[in-house]
Amino acid sequence: FAGRETMHAALAWAGFEDIRIEAREHFAWAPDLRTLLAAIRRIGAGTVGDRRKGLLGRRAWKFLVEHYEQHRRPQGLPARYDVLMIHASKSPVRK
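Rules of the game
- Residues numbered from 1 in each chain as written.
- Predicted model: local features only at pLDDT ≥ 70, side-chain atom pairs only at ≥ 80, totals over all residues.
- Heavy atoms only, no water.
- Core = buried A, V, L, I, M, F, W, Y, C linked by side-chain atoms within 4.5 Å.
- Buried < 20%, exposed > 50% of the residue type's maximum accessible area, 1.4 Å probe, protein only.
- Helix = DSSP H or I, 4+ residues; strand = E, 2+ residues; numbered from the N terminus.
- Contact = heavy atoms within 4.5 Å.
- 1 Å grid on protein atoms, 1.4 Å probe; cavity = no way out; pocket = protein on both sides within 12 Å on 5 of 7 lines; lining within 4 Å.
- Points joined across faces, edges and corners; volume = space filled by probe spheres on them.
- Nonpolar A, V, L, I, M, F, W, Y, C, P; charged D, E, K, R; others polar.
- Arc of directions from axis to C-beta.
- Polar contact = N/O pair within 3.5 Å; in protein donor to acceptor, adjacent residues only side chain to side chain.

**Section: the nonpolar core**
Consideration 1: Among the nonpolar cores identified, the biggest contains 6 residues, and these are Ala30, Leu33, Leu36, Ile40, Leu77 and Ala79.
Consideration 2: Where this core is concerned, the elements lending two or more residues are helix H2 (33–42) and strand E2 (77–89).
Consideration 3: Ranked by residues supplied to this core, first place goes to H2 with 3 residues.
Consideration 4: In this view, leucine 33 contacts Trp61, Leu64, Val65, Tyr68 and Leu77; residues no more than four positions away in its chain are not counted.

What follows is the structure, given as structure tokens:
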């Protein structure tokens, strides 16, 4: 995830002006880990890089569920999304 400073620098380098960036946290809640992971995959955020390929075994899944349950809140299990709201302008190129 590119942070605020990285995004600001990239936009400025690309010629944008009046750059305003607001960082927000959004949460999604699910009743169980399987539902939460399915929701994450539906938005395309399920890729984790060079991690394990294939399915988890029963023991690994049980371990994951038990450890993620430590994060449960009254709303359910959380997934946090860091969102940057960006407002910028760019003057048209004059010929």
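Having seen it, we continue.
**Quick look at the layout of surface pockets**
Consideration 1: The calculated volume of the second largest pocket comes to roughly 170 Å³.
Consideration 2: Lining the second largest pocket are Ile40, Tyr68, His71, Pro78, Ala79, Arg80 and Tyr81.
Consideration 3: In terms of residue count, the dominant contributor to the lining of the second largest pocket is E2 (4 residues).
Consideration 4: Residues of the lining of the second largest pocket, tallied by class, amount to 5 nonpolar, 1 polar and 1 charged.

**Here we look at H2**
Consideration 1: Residues of H2 that are buried include every one of Leu33, Leu36 and Ile40, and no others. Seen along its axis, H2 keeps its buried residues to an arc of 65°; they face one direction. Exposed residues pointing more than 90 degrees away from the buried face of H2 are listed as Arg34, Arg41 and Arg42.
Consideration 2: On its buried side, H2 packs onto strand E1 (17–30), helix H3 (58–68) and E2.
Consideration 3: One side-chain oxygen at the N-terminal end of H2 lies 3.2 Å from the backbone nitrogen of arginine 34; it belongs to aspartate 32.

Geometry only, nothing functional implied.
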